[in-house]
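Listed here are the chains, written in short residue letters.
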Amino acid sequence: MDCAQLYDTLNRAKPARRKAENGAMLDYAVSQLMLGARSEARAEGRRHIDAYLNKMAVSKAEKWDAKGLGYFMTEDARDWFAYCRSLARDRGIALKP
C-alpha cells in the first residue's frame with residue numbers, strides 16, 4: 001500500500017502530469033500495486049477488503065503528502081522507489097503497461 005500511495009502522491013504533486021504519458025504510467029502503476037495490495041489482504045484473511053484498503057490508502061497518502069514535494073528529490077525517496085520496483089518484480093506486478 002505504501003508503494004501505491006507513493007506513486008499516486010508523486011502523480012498528484014503535479015496535476016498537469018496526469019494528462020501526459022508519464023502520468024498515465026504512474027496511474028497504471030498505482031492500479032497494479034493496488035491489485036497487489038488487494039491480493040495480499042485476501043491472502044492475509046482480511047475481512048471487508050475494500051474498507052480496509054480505502055482506510056490504508058488514506059493513511060498512507062497522508063503520510064507521503066506530509067513529507068512535501070521536496071521529498072521526491074531525496075535519497076530516501078529514491079530508496080523507496082527502488083524498493084517498490086523490487087517488490088513489484090518479486091510479486092509479478094507490472095508497473096508499466
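Above: the structure in question.
The sections below set out a description of the structure shown in this document. (Residues numbered from 1 in each chain as written. Predicted model: local features only at pLDDT ≥ 70, side-chain atom pairs only at ≥ 80, totals over all residues. Heavy atoms only, no water.)

A few points about the packing of helix α2 (residues 21-43) against helix α3 (residues 49-67)
And then number 1: For the pair α2 and α3, interaxial distance at closest approach is 10 Å and the crossing angle is 125°. Considering their axes alone, α2 and α3 lie oblique with respect to each other. Between α2 and α3 the crossing geometry is right-handed. Contacts from Met34, Ala37, Arg38, Ala41 and Arg42 in α2 reach Ile49, Asp50, Tyr52 and Leu53 in α3. (Axes fitted to C-alpha atoms, helices over the stretch in contact; angles between N-to-C directions. Helix = DSSP H or I, 4+ residues; strand = E, 2+ residues; numbered from the N terminus. Parallel < 35°, antiparallel > 145°, perpendicular 65-115°, else oblique. Left-handed = near helix turned anticlockwise from the far one by under 90°. Contact = heavy atoms within 4.5 Å.)

Side note on the pattern of salt bridges
And then number 1: Scanning all chains against the criterion turns up seven salt bridges.
And then number 2: Residues arginine 91 and glutamate 40 are paired through a salt bridge, measuring 3.4 Å at the closest nitrogen-oxygen approach. Note that arginine 91 is positioned in helix α4 (residues 75-91) and glutamate 40 in helix α2, a separation of 51 residues in sequence.
And then number 3: Residue classification places glutamate 40 among the partly exposed positions, given a relative accessible area of 32%.
And then number 4: One network of salt bridges, with partners in common, ties together Asp2, Lys60 and Lys63. (Salt bridge = Lys/Arg side-chain N within 4 Å of Asp/Glu carboxyl O. Buried < 20%, exposed > 50% of the residue type's maximum accessible area, 1.4 Å probe, protein only.)

Considering the nonpolar core
And then number 1: Ranked by internal contacts, the top residues of the largest apolar core, which has 18 residues, are Leu6, Tyr7, Leu33, Phe81 and Leu95.
And then number 2: Elements that contribute at least two residues to this core include exactly α1 (2-13), α2 and α4.
And then number 3: Per element, the largest residue contribution to this core is five residues, and it comes from α1.
And then number 4: For tyrosine 7, the contacting residues outside a window of four places in its chain are Leu26, Ala29, Val30, Leu33, Phe81, Cys84, Arg85 and Leu95. (Core = buried A, V, L, I, M, F, W, Y, C linked by side-chain atoms within 4.5 Å.)

Description of the packing of α1 against α2
And then number 1: Two elements in contact, α1 and α2, have axes separated by 8 Å at closest approach and are oriented at 160°. Judged by the inter-axis angle, α1 sits roughly antiparallel to α2. Seen from above, α1 lies across α2 with left-handed handedness. Contacts from Cys3, Ala4, Gln5, Tyr7, Asp8, Leu10 and Asn11 in α1 reach Gly23, Leu26, Asp27, Ala29, Val30, Leu33 and Met34 in α2.
And then number 2: Grouping the constituent residues of the contact of α1 with α2 by class yields nine nonpolar, three polar and two charged. (Nonpolar A, V, L, I, M, F, W, Y, C, P; charged D, E, K, R; others polar.)

A look at α4
Owing to its 3.6 residues per turn, the α-helix aligns residues three or four sequence positions apart on the same side.
And then number 1: Under the 1.5 Å per step criterion, the end-to-end length of α4 is 24 Å for 17 residues, consistent within 8% with the ideal 24 Å.
And then number 2: Of the positions making up α4, those classed as buried are Ala77, Phe81, Cys84 and Ala88. Down the axis of α4, the buried side of the element spans an arc of 60°, and every buried residue falls inside it. Opposite the packed face of α4, turned more than 90 degrees from it, sit the exposed residues Glu75, Arg89 and Asp90.
And then number 3: Glycine 92 sits one or two residues past α4 and shows a positive phi near 70°. (Expected span 1.5 Å × (residues − 1). Arc of directions from axis to C-beta.)

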